[in-house]
Amino acid sequence: MYKVTFKFENSEDVTVFAAFGESLLEVARKTNVAIDAPCSGNASCGKCRVKLVEGELDSKQTRHISDEEYAQGWRLACCSKINADVAVMVPDIASAYRSRMKVADLSSPDEVKIFDNIKQSITEAGIELKNNLESIHVKMDVPTLDDTMPDNERLTRAIREITGMQRVKLPYSVIHKMAQVLREHNFDVNVVIRKTEKDIFVYDICGADEAPVIAGLAIDIGTTTVSAIIIDMTDGKILAKGSSGNGQIRYGADVINRIIESRKPGGQDKLQKAIIEETINPLVQTMCRQAKISPMNIYRMSVAANTTMNHLLIGVNADPVRMEPYIPTFFKTNSIFAGDIGIKVNPDAHIILAPNIGSYVGGDITAGAFVTMLWNQEPFSLFIDLGTNGEIVFGNSDFMFSCACSAGPAFEGGDISCGMRATDGAIEACTIDAETMEPKLTIVGNEGTKPVGICGSGIIDIISELFRCKIINPKGKFVREGRRVKRDADGMGSYVLAFEGEEAGSSKDVEITEVDIDSFIRAKGAIFSAIRTMLSYCDFDISMIENVYVAGGIGSGINMANAINIGMFPDIPVEMYHYVGNTSLAGAYAMLCSTESERKVYDLAANMTYIELSTIPQYMDEFVGACFLPHTDASLFPNR
């Protein structure tokens, strides 16, 4: 066994032991050391860079590391095998994806307004924001030698008399504490119940002098980030909010890599632990401290996630999701409880999963389609949720169609040489002077933070600006020369946004290359061609769209005009575009606090038509046409 030490810029060293030939990335994963690996360790992304400090590694050089960088000690963790004692420096940027991911600020005025508007829209649609959880006061006779009825029967009889319901269920968690609580409070208690037309389920019992907090947890499980809120189930008030990176990120940036990882020995358990033990449970603990409640006061959960995330959350085989004929284990299930999968809230908390409608259109989209109110409007609207996959819904109150396209990891910074997620040091916005070609950058982080890479919204701005300034042509090739334009030995061009040393916070220039631009053109082409194919399938065209609702983490930072300029979104007036926030979380909230909303989401999923784009020959033709700036058919973008 050899000693492996991981060193960090802003935290203590981590030392472990590893066997000869083990991959450094796998050692990091087993030790819970965060090293970003969007490609899940197949050496294609170049993001798992570490610096050799002491000892040696069996590490081959790849195209992602130059001769100079290799001489300085830079290595890819996925290509490095243990063959001696070793110490490596994990750069701050490699682990920032988990602890400092930029997500929508749920406390910001804009996000709060979006949430308030959604609640108002649901109410205006005639849907009651009410659920079946409540607290009742139960006072019983104290047992005597003449009255020896057991505690469970005494409580059950009293509840029957109050509610008029004959069937009362007492779970183990209540029976376990019942004797002590009843006697401490002289058989005068408050009981938290769920009341349906058929029965009463008892969640908790406490003294009559204690006002029980009846809380619920809504979670949006994204491939990259996880957002959650805790609410008061009696009035829908938000008690706490939180968000973090999805702990599964280190196993791959996209669902396919995660599914592949889950099929390795022990992989399914690793992926489930990453989302529950490393992500959800710590998030719940933090939010409960913020709300000043116990996790045991959370009696119901609602989850909105894509189909793969749902499978990995509850620990079932997700491999059929990616394999033809693409049949998942479930679209809808009501049989999961918190205690079944180790979520540290009340073990009897029922987990409401927003229903999936396809292998690549999940509950996050059905929940999002519900709160955007497409189903309650006459105008034809488009709902786009941007992420590793692009999911799209089109329709109105009469019908809804949905589809998904694989945009790849480009929107999260993957497949881009200096790409990164929206963490500290990421360029999130950019303008370029058309004459001088000098950039003006907006950087994620505190004032004065130097750029180290580019996130999705920044890539859209940069490519749009390069095209607007005629620095690149419609094929994405550089056609102007200047201080910011470099060319390698093969003539491949790149645009330098921040020079090493004087401007950048990294050990190399922050730049975007022709290869990067080509990768992103394919990603944006996937989105636009999916829109066109779905509209054509429904016998519609772009001119019939009256509203476009854009959701997803990247949506908050997108300059809509620039997205249109590069041909990612249809060329319709920018006023028709609306950023609608985290609709997945908002939909989970609606399902949590409103039984009627929950039923409506199930209805939407059952009646939404899912289009499998891969079965439509036109899609590939549309995709080829969209791999251009803005498109090979200029008539589709008359205003650009």
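Residues numbered from 1 in each chain as written. Predicted model: local features only at pLDDT ≥ 70, side-chain atom pairs only at ≥ 80, totals over all residues. Heavy atoms only, no water.

Undergrad: What is the right way to look at the overall build of the protein in this model?
TA: The helix and strand tally for the protein stands at 18 helices and 26 strands. Here the protein has a C-alpha radius of gyration of 27 Å; the compact-globule value for 640 residues is 26 Å, and the two agree. Within the protein, counting contacts between residues at least 6 apart in sequence, those at least 24 apart form 67% of the total. With an accessible surface of roughly 26,100 Å², the protein has 48% of that area assigned to carbon and sulfur atoms. (Helix = DSSP H or I, 4+ residues; strand = E, 2+ residues; numbered from the N terminus. Rg over C-alpha atoms; globule rule 2.2 N^0.38 Å. Contact = heavy atoms within 4.5 Å. Areas by Shrake-Rupley, 256 points an atom, 1.4 Å probe, with all protein chains shown as cover.)

Undergrad: For this particular structure, what's the right way to read unusual backbone geometry?
TA: Peptide bonds are trans in most cases, and residues, glycine excluded, mostly fall at negative phi. In this chain, Glu324 is followed by Pro325 through a cis amide linkage whose omega measures 15 degrees. Considering the arrangement of structural elements, one finds Pro325 in the loop between α10 (319–322) and α11 (338–341). Going from Leu629 to Pro630, the amide bond is cis rather than trans, its omega being -10 degrees. Summarising the element assignment, Pro630 is placed in the segment after α18 (618–626). Despite not being glycine, Lys470 shows a phi value in the positive range, around 60 degrees.

Undergrad: Can you help me understand the sheet that holds strand β10 (residues 215–221) in this one?
TA: Backbone hydrogen bonds hold the strands of a sheet together, and the pairing may be parallel or antiparallel. Spatial strand order, β12-β11-β10-β13-β14: 5 strands in an open sheet with mixed pairing. Single-partner strands in this sheet number two, and they are β12 (238–245) and β14 (350–353). Neighbour-to-neighbour, the strand axes of this sheet turn through a mean angle of 15 degrees, independent of strand direction. As judged from the 7 bridges shared by β10 and strand β11 (residues 225–232), these two strands associate in the antiparallel manner. Along β11, the bridge assignment pairs Ile221 with Val226. In the packing of helix α8 (residues 267–291) onto the sheet, the strands contacted are β10, β11, β12 and β13 (298–305), and the crossing angle to β12 comes to about 150 degrees. Here helix α9 (residues 307–314) sits on the sheet and contacts β10, β13 and β14; the angle it forms with β13, its principal contact strand, is near 140 degrees. (Pairing = 2+ DSSP bridges. Axes fitted to C-alpha atoms, helices over the stretch in contact; angles between N-to-C directions.)

Undergrad: What am I meant to see in the pairing of strand β1 (residues 2–8) here?
TA: Side-chain direction in a regular strand flips from residue to residue, so the side chains alternate between the two faces of the sheet. As paired elements, β1 and strand β2 (residues 14–18) share 5 bridges and run antiparallel to each other. When the bridges of β2 are listed, Phe6 appears paired with Val14. Here 5 bridges tie β1 to strand β5 (residues 80–90), and the two strands are oriented parallel to one another. Across the sheet, the residue bridging to Phe6 is Val88, located in β5.

Undergrad: Help me understand the pairing of strand β17 (residues 400–406), please; the structure alone is not making it clear to me.
TA: Most of β17 sits out of view: 6 of its 7 residues are buried. Across 7 bridges, strand β16 (residues 389–395) lies against β17 in antiparallel orientation. Its bridge partner being in β17, Gly390 is matched across the sheet by Cys405. Taken together, the 2 bridges between β17 and strand β26 (residues 609–610) define a ladder with parallel strand orientation. In the sheet register, Phe401 faces β26, and the bridge partner there is Thr609. (Buried < 20%, exposed > 50% of the residue type's maximum accessible area, 1.4 Å probe, protein only.)

Undergrad: How should the side chain of Asp199 be read in this particular structure?
TA: Inspection of the secondary structure puts Asp199 in the loop between β8 (188–195) and β9 (200–207). Asp199 gets classed as buried once you look at its relative accessible area, which sits at 6%. One polar contact links Asp199 to Arg194, side chain to side chain, over a distance of 3.4 Å. Ignoring anything within four residues of it in the chain, the contact list for Asp199 reads Met165, Arg167, Lys169 and Arg194. (Polar contact = N/O pair within 3.5 Å; in protein donor to acceptor, adjacent residues only side chain to side chain.)

Undergrad: What should I look at first to understand helix α6 (residues 172–184) in this one?
TA: Each α-helix turn comprises 3.6 residues. Residues three or four places apart therefore point the same way. In this model, α6 (13 residues) spans 19 Å end to end at C-alpha, consistent with the 18 Å of a helix rising 1.5 Å per residue. For α6, every residue scored as buried is listed here: Val174, Met178, Val181 and Leu182. On its buried face, α6 sits against α5 (151–163), β8 and β9. Just downstream of α6 lies Asn186, where phi reads positive at about 55 degrees. (Expected span 1.5 Å × (residues − 1).)

Undergrad: When you look at the sheet that holds β1 in this model, what are you seeing that I'm missing?
TA: Spatial ordering of the open sheet is given by β2-β1-β5-β3-β4, a layout of 5 strands whose pairing is mixed. The open sheet terminates on both sides in strands that have one partner only, identified here as β2 and β4 (74–76). For this sheet, the mean inter-axis angle between neighbouring strands, taken without regard to orientation, is 35 degrees.

Undergrad: So what exactly am I meant to see when it comes to the packing of aromatic side chains here?
TA: Centre-to-centre distance and the angle between the planes together describe a pair of aromatic rings. Scanning all chains against the criterion turns up 13 aromatic pairs. With a centroid separation of 6.1 Å and an interplanar angle of 75 degrees, the aromatic rings of Phe401 and Tyr537 are classed as edge-to-face. Placement of the pair is Phe401 in strand β17 and Tyr537 in helix α14 (residues 514–537), with a sequence separation of 136 residues. Chaining the aromatic ring pairs together yields one cluster made of Phe380, Phe394, Phe399, Phe401, Tyr537 and Phe540. Across from the ring centre of Trp74, 5.0 Å away, lies the NZ or CZ of Arg49, which sits over that ring. Sitting over the ring of Tyr602, Lys332 keeps its end group 4.3 Å from the ring centre. (Phe/Tyr/Trp six-rings, centres within 6.5 Å; stacked < 30°, edge-to-face > 60°. Lys NZ or Arg CZ within 6 Å of the ring centre and 35° of its normal.)

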